[in-house]
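# Breakdown of the fold
The residues making up each chain are set out below.
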Amino acid sequence: MNILVTGAAGYIGSIVVQELIKERHSVVALDNLKHGHREAVSPEAPFIQAEIGGAERLGQVFKDNKLEAVAHLAAEVQVEESMSAPEKYFRTNLICGMNLLDTMLRYNVNKLVFSSTAAVYGNPDSIPIEESHPTMPINPYGESKLMFEKVLDWYGYAYGLKFISLRYFNAAGASDRLGEDHDPETHLIPNVLKVALGQCQHVVVFGTDHPTSDGTCIRDYIHVSDIARAHILALKHLERSQANKAYNLGNGRGYSVFEVIETARKVTGISIPVVNRPRRPGDPPVLVASSELAKSELGWEPEYRELETIIDSAWRWQKEHTHGYRE
Ligand code: UDP
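Residues numbered from 1 in each chain as written. Predicted model: local features only at pLDDT ≥ 70, side-chain atom pairs only at ≥ 80, totals over all residues. Heavy atoms only, no water.

Read from one edge to the other, the open sheet built from seven strands follows the order 3-2-1-4-5-6-11, with strand pairing classed as parallel. At either end of the open sheet lies a strand with only one pairing partner, and these are strand 3 (47-49) and strand 11 (245-249). Here the average twist between neighbouring strands, direction ignored, is 20 degrees. Inspection of the sheet shows strand 6 (residues 162-168) paired to strand 11 by five bridges, in the parallel sense. Bridging across to strand 11, Ile-164 finds its partner in Lys-245. Against the sheet, helix 4 (residues 86-106) makes contact with strand 1 (2-6), strand 4 (69-72) and strand 5 (111-117), and its axis sits at roughly 175 degrees relative to strand 4, the strand it touches most. Sheet strands touched by helix 5 (residues 140-159): strand 4, strand 5, strand 6 and strand 11. Its angle to strand 5, the strand with the most contacts, is close to 155 degrees. (Pairing = 2+ DSSP bridges. Helix = DSSP H or I, 4+ residues; strand = E, 2+ residues; numbered from the N terminus. Axes fitted to C-alpha atoms, helices over the stretch in contact; angles between N-to-C directions. Contact = heavy atoms within 4.5 Å.)

Let us look at the pattern of salt bridges. The full count for this structure, using the stated rule, is 16 salt bridges. Linking Arg-280 and Asp-283 is a salt bridge whose minimum nitrogen-to-oxygen distance equals 3.2 Å. Each member of the pair, Arg-280 as well as Asp-283, carries the same accessibility label: buried. Here the residues in one salt-bridge network are Glu-292, Lys-295, Glu-301 and Arg-305, joined through shared partners. (Salt bridge = Lys/Arg side-chain N within 4 Å of Asp/Glu carboxyl O. Buried < 20%, exposed > 50% of the residue type's maximum accessible area, 1.4 Å probe, protein only.)

With that settled, the discussion passes to the site of the ligand. With respect to spatial proximity, 14 residues lie near the ligand, and among them Leu-188, Val-204, Arg-219, Arg-280 and Asp-283 are the closest. A distance of 2.8 Å separates an oxygen atom of the ligand from a polar backbone atom of Leu-188. Ranked by the residues each element gives to the shell around the ligand, the list is headed by strand 8 (residues 203-206), at three residues. The residue inventory of the shell around the ligand, partitioned by class, reads seven nonpolar, four polar and three charged. (Near = heavy atom within 4 Å. Polar contact = N/O pair within 3.5 Å; in protein donor to acceptor, adjacent residues only side chain to side chain. Nonpolar A, V, L, I, M, F, W, Y, C, P; charged D, E, K, R; others polar.)

On to the nonpolar core. One finds Val-5 and Leu-166 to be the most contacted residues of the largest nonpolar core, which totals 45 residues. For this core, the elements supplying multiple residues, two or more each, are strand 1, helix 1 (11-22), strand 2 (26-31), strand 4, strand 6, helix 7 (224-240), strand 11 and helix 9 (292-298). For this core, the element with the most residues is helix 7, which contributes nine residues. Setting aside residues up to four positions removed in sequence, Val-5 forms contacts with Gly-13, Val-17, Leu-20, Val-27, Val-28, Ala-29, Leu-30, Ala-71 and Leu-73. Core analysis: the second largest hydrophobic core is formed by 26 residues, Leu-30, Ile-48, Cys-96 and Phe-114 among them. (Core = buried A, V, L, I, M, F, W, Y, C linked by side-chain atoms within 4.5 Å.)

You can see Ser-175 is positioned in the loop between strand 7 (170-172) and helix 6 (188-196). Using a relative accessible area of 12% as the deciding quantity, one classes Ser-175 as buried. Polar side-chain contacts of Ser-175 include one of 3.2 Å to the side chain of Gln-18. Looking at Ser-175, its side chain comes within polar contact range of the side chain of Asp-176, at 3.4 Å. Those residues within four positions of Ser-175 in sequence are excluded, and the remaining contacts are Ile-15, Gln-18, Ser-225 and Trp-317.

Here the bond from Ile-127 into Pro-128 is cis, since omega is -5 degrees, no more than 30 degrees from zero. Unlike most non-glycine residues, Asn-244 shows phi in positive territory, near 45 degrees. Within the secondary structure, Asn-244 sits in the loop between helix 7 and strand 11.

Right, let's get into the environment of Leu-30. Mapped onto the secondary structure, Leu-30 falls in strand 2. Taking relative accessible area as the criterion, Leu-30 reaches 1% and is therefore assigned buried. Separated by 43 residues in sequence, Leu-30 and Leu-73 have C-alpha atoms that sit 9.9 Å apart. Excluding residues that lie within four positions of it along the chain, Leu-30 makes contacts with Leu-4, Val-5, Thr-6, Gly-7, Ala-8, Phe-47, Ile-48, Ala-50, Ile-52, Leu-58 and Val-61.

Quick look at the environment of Val-17 now. Of note, Val-17 is situated in helix 1. Here Val-17 falls in the buried class, since its relative accessible area comes to 0%. Through-space distance from the C-alpha of Val-17 to that of Leu-4 is 9.3 Å; in sequence the pair is 13 residues apart. Ignoring any residue separated from it by four or fewer positions in sequence, one finds Val-17 in contact with Val-5, Ala-8, Val-27, Ser-42 and Ala-45.

On the basis of which strands lie adjacent, the open sheet formed by three strands has the order 12-9-14 and mixed pairing. On the outer flanks of this sheet lie strand 12 (255-256) and strand 14 (286-287), each paired with one strand and no other. Looking at chain direction, strand 9 (residues 218-219) and strand 14 are connected through two bridges and run parallel. By the bridge assignment for strand 14, Ile-218 is matched with Val-286.

This is the structure we're talking about:
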């Protein structure tokens, strides 16, 4: 297939591009490079620097390329920032996303894999979380992704759009060439590894009074290459059926912030000092996925089952790219 990947220079998008190319798909890579890195985009994919909200330019991209499907990963993704700047999240993730949808339909492209999130669930009342669990986001990031999911439902009904939303839990780890490099870095594992590299003095732990066994938040860490492979399976699924639903992507096991730090100490062999701070606004205490639906319907099976191997892959990449893509 000829596939447009938005957010193609980002952490997950760049690895989706890499996996699609490995599977012999043609890829057009699009990113505004606000957060992404040009160097992260596989050289086989033609690269276009553009906004998903720019109707004219985006239309030209569809006109110039015989696209058959879109993997839409371009987004604003920081939970804490979304609490103080919600407009940025609704504008990019919802309004600009709708421009992408409308452009797709204008050029008769009706297959979409959408990068959604566990944040759509809010504070879950049962663990592991199944897709049928009520969605009640507690931050604008999750809300903006859920609103877009709802737009997809109605576009499916009204215009025959075929889509799959992939609700990622905590993406982590690195492939051989590509890894996580955000500025500022807000995610736990890269922040922990920065301390191991000696680039920061300590890890700040946000909240030790959550209703969990050690008081820190519990998350389900899933390797970024496993997430990328799910996109390929989702695209295949869209070719043979009218899917139009959401699938969780997680390992089904939760680790607390303290457990992540302890595992990183084991992997790196370096003592990693911590400083405890108050809770970060918008953080649900526990998010752990049931991914049974993705397994049974998409044929997805995560290859990286252990937190240790996930952190090990991130550590290898971070040691070779001590300043991310800037070197
Ligand atoms: N966290 C932390 N220190 C950090 C970064 C994150 O204690 O430097 C915590 C955060 O509060 C959350 C968990 O680690 O409970 C995972 O956060 P991350 O930002 O990696 O992913 P999120 O679950 O927010 O998408």
